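Now for the letters of each chain:
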Number of protein chains: 2
Amino acid sequence: MSDHEQSPESRARRVDVARLAGVSPATVSFVLNRTSGQTISDETRQRVLGAVAELGYRPNRAAQGLRQGRSATIGFVSHDVDFGEFSAAAIKGAHEACISQGNLLLLVNTGGSNRQAEHLITDLLDRQADALIFAAVGTRSVLLPDAARRVPTILLNCFAPHDPVPAIVPDEERGGREGTQALLDLGHRDIAYLTGKPAQWATKARLRGFRAALRGAGLNPREHTVLPGNYHADSGYDLVRTLLRRGPLPTAIMCGNDRMAVGALLGLMEAGIRVPEDVSVMGYDDQFQLAAEVRPALSTVRLPYELMGRLAAEQLAGGRPGAPAGRTLVHCPPVMRGSTAAARRSRGA
Amino acid sequence: MSDHEQSPESRARRVDVARLAGVSPATVSFVLNRTSGQTISDETRQRVLGAVAELGYRPNRAAQGLRQGRSATIGFVSHDVDFGEFSAAAIKGAHEACISQGNLLLLVNTGGSNRQAEHLITDLLDRQADALIFAAVGTRSVLLPDAARRVPTILLNCFAPHDPVPAIVPDEERGGREGTQALLDLGHRDIAYLTGKPAQWATKARLRGFRAALRGAGLNPREHTVLPGNYHADSGYDLVRTLLRRGPLPTAIMCGNDRMAVGALLGLMEAGIRVPEDVSVMGYDDQFQLAAEVRPALSTVRLPYELMGRLAAEQLAGGRPGAPAGRTLVHCPPVMRGSTAAARRSRGA
DNA sequence: CTGAAAGCGCTAACAA
DNA sequence: TTGTTAGCGCTTTCAG
């Protein structure tokens, strides 16, 4: 408790510190910023640091920003209607990376509108955002807003075909392949695939991976049922009923995502079919508070959203020096839990 | 395309606009800010506006902020380990309200640590955040970080017992009561409650509501099974199996949240019990992409996270003039879907 | 009706 | 080794 303490209302300014330490304001800056080319005596430094501590002084970043042309702030643009699981995880990852760089996240959500995106990015730039993370929810191709060109930008879970902007994208094809392979390794030779929205990039990539894995095992993809869904849980339920109606079940079912897998689980249980004893079920996403919690716990392919967010922020900050300027593919590893088991029927279907 | 256009690299400054319009920099500000007490001729105004448009001029908000002591930025502090559904929805609501006020959200996540909270809020204040939204994920009592006292703050989904800070909190007791009432209205007289984490505020409040509704219907709460869970889907599953083991099922099951309800659904289906024909199931939260999508679709109690986020931002901005300074209770309305139906057994259990 | 000028709090080149 | 000074881009009081 010192007489010098400011009222809690007003922040101490640099000049207050200088006065208390008996030095000039510039010296305070030199000490605090470790300005290179400046040598400060140890004694002065201690006096300054003491005054800083006593006054609880913190530099005003708006002033610093004005002077230096940077704000220590990264804009995170969520370009989609939805704003759920993915955004939350990606933001968390990006946030953590930012914090350890001394940056903060300025967050906007475009609702999927390009006009709004343009507008909000302008807002971000007005506030001196140093860089942008432009994220979509469903992996897809996007139109990079013009405004984003004025500042370092990285795409997260999307890509701009005609722009040389770096992008972080999950390796969905490999994910589909490895997920399928995990099933093949369990001895499954008859696998149905209940897909997500057929038009989506991720859906197609995963399906390619599925087929590649089958072919790699000497199987003919055409002999495996592929039914189009839409990533909603109820489509998993509906498609399982379709499967049931059509005749004998496959020994394993791959689903477009975990929500569909939960729907499938519900449909199977309702029909008295046991998972994984009678049929194995596999999801995709490893959705937070869902995949690992349902019973049986879902085997799935992990979409590492948080990691992707972190990568984006790190790459922006130049934290990864030799980072590829182009598309970074992130691995989606299979995670095996209780909803899959060795195939019931013997090999050779 | 005019000769006056700046290179895309450098933003036009106010002085550029002034020069192009043939006026002084101050006049530009007067026009743009509609400064009261200043009268600008219509002709001058047009010239200025024309120059602004031509140069694509936008005021530098860091400079404005430095001058005015405000940044048009609200800090959103998510004070919890988790960062999922709730945060996403609340942030979305807060974001929308902020945008329509001309503000942007500066987002931080404390990971639940008070030390980190203090630290991050300081970071926020260094960047001149004008106000704070301090949000928890599970409704609960929090320790308001000292730093937050320096700026208008509103609590979201939490409360600080010993601080006179306004708070937006869901009316969990009423939610529990009305959810139970909906079941009573369907003729159910034997209702089991699979609760969330017993120690949590929300759990207790919902349970109070449950009991109040039963008493209101002339029933004795003690005759109804209450089993403690933990808000995870698997606890719903496990508790249903406990229920099954104990003897005849109740006609309806209330769950701590939707995830538990999904677990319960899975457990019931597995046991060959039909929902809602044999037993009705009710969730809580109306979780995005879950409650409405599972089959049968979950009847539940809607926790309006997005609305709460919006309310917080509006209240901060003074958008709601006569707003209560204290705790704002937000209504959680029951939403009836396919997982509930009229009680199988006749009244009088 | 319009312009000049004084800062907001800070950094950094230059002087001492 | 430390202090002086000129801005960063803007708002706003006060004169004209």
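For chain A, an unreviewed UniProt entry supplies the name LacI family transcriptional regulator and the organism Arthrobacter bambusae.

Undergrad: What is the right way to look at the relation of the copies chain A and chain B in this model?
TA: Of the two same-sequence chains, chain A is brought onto chain B (RMSD 0.1 Å, axial shift 0.0 Å) by a rotation of 180°. In short, the pair behaves as if placed about a two-fold rotation axis. Among all C-alpha atoms of chain A, that of Leu106(A) lies closest to the rotation axis, at 2.2 Å. Interface residue correspondence from chain A to chain B reaches 100%, placing this contact among same-surface, isologous pairings.

Undergrad: Looking at this model, I keep getting lost on the protein's contact with DNA strand C. Mind explaining?
TA: Around DNA strand C, the structure places 26 residues, and the nearest of them are Arg14(A), Tyr57(A), Gln64(A), Arg67(A) and Thr44(B). Restricting the count to atoms of DNA strand C within 4 Å of the protein gives a sugar and phosphate share of 55%. Ser29(A) is positioned with one of its side-chain polar atoms (N or O) 2.7 Å from a phosphate oxygen of DNA strand C. Take Gln64(A): an N or O atom from its side chain is 2.6 Å from a phosphate oxygen of DNA strand C. Every element with two or more residues in the surface near DNA strand C is listed here: α2 (25–33) and α4 (61–68) of chain A together with α2 (25–33) and α4 (61–68) of chain B. The residue inventory of the surface near DNA strand C, partitioned by class, reads ten nonpolar, twelve polar and four charged.

Undergrad: Sorry, what's going on with the protein's contact with DNA strand D here?
TA: Of all residues adjacent to DNA strand D, which total 27 residues, the nearest are Thr44(A), Arg14(B), Tyr57(B), Gln64(B) and Arg67(B). Each atom of DNA strand D within 4 Å of the protein belongs either to a base or to sugar and phosphate, the latter forming 51%. In this structure, Ser29(B) approaches DNA strand D through a side-chain N or O atom, which is 2.7 Å from a phosphate oxygen. Mapped by element, the contributors of at least two residues to the surface near DNA strand D are α2 and α4 of chain A together with α2 and α4 of chain B. Looking at the surface near DNA strand D, its residues break down into ten nonpolar, twelve polar and five charged.

Undergrad: What is the right way to read the sheet that holds strand β11 (residues 327–330) of chain A from this model?
TA: Strand pairing in a sheet relies on backbone hydrogen bonds, with the paired strands running either antiparallel or parallel. Strand order in this open sheet of twelve strands is β11(A)-β5(A)-β4(A)-β3(A)-β1(A)-β2(A)-β2(B)-β1(B)-β3(B)-β4(B)-β5(B)-β11(B), and the pairing throughout is mixed. Two strands close off the open sheet at either side, each with one partner strand: β11 of chain A together with β11 (327–330) of chain B. Sheet twist, expressed as the average angle between the axes of neighbouring strands with direction ignored, equals 25°. Alignment of strand β1 (residues 73–78) of chain A against strand β3 (residues 131–141) of chain A, held across five bridges, turns out to be parallel. Across the sheet, Ile74(A) pairs through a bridge with Ala131(A), a residue of β3(A).

Undergrad: Can you walk me through the interface of chain A and chain B in this structure?
TA: A common way to express how large an interface is: the accessible area buried when the components associate. Across the boundary between the two partners, chain A contributes 58 residues, which contact 58 residues of chain B. Where chain A abuts chain B, roughly 5400 Å² becomes buried across the two surfaces, and 58% of that area is made up of carbon and sulfur atoms. Taken together, chain A and chain B are joined by ten salt bridges. Put simply, Arg295(B) and Asp234(A) hold a salt bridge, and the shortest N to O gap is 3.1 Å. Scanning the region where chain A abuts chain B turns up 32 residue pairs in polar contact (both at pLDDT 80 or more). Looking at the side of chain A that touches chain B, the elements that each hand over two or more residues are α4, α5 (85–101), β2 (104–109), α6 (114–126), α9 (233–246) and α10 (258–270) of chain A. Broken down by element, the side of chain A that touches chain B gets its largest block of residues, seven residues, from α6(A). Bridging between β2(A) and strand β2 (residues 104–109) of chain B involves three bridges; their strand directions are antiparallel. Bridge pairing in β2(B) links Leu106(A) to Leu106(B).

Rules of the game
Residues numbered from 1 in each chain as written. Chains lettered and ligands numbered in written order. Predicted model: local features only at pLDDT ≥ 70, side-chain atom pairs only at ≥ 80, totals over all residues. Heavy atoms only, no water. Least-squares fit on C-alpha atoms with pLDDT ≥ 70 in both. Contact = heavy atoms within 4.5 Å. Near = heavy atom within 4 Å. Polar contact = N/O pair within 3.5 Å; in protein donor to acceptor, adjacent residues only side chain to side chain. Helix = DSSP H or I, 4+ residues; strand = E, 2+ residues; numbered from the N terminus. Nonpolar A, V, L, I, M, F, W, Y, C, P; charged D, E, K, R; others polar. Pairing = 2+ DSSP bridges. Axes fitted to C-alpha atoms, helices over the stretch in contact; angles between N-to-C directions. Buried area = accessible area lost by both parts, 1.4 Å probe. Salt bridge = Lys/Arg side-chain N within 4 Å of Asp/Glu carboxyl O.

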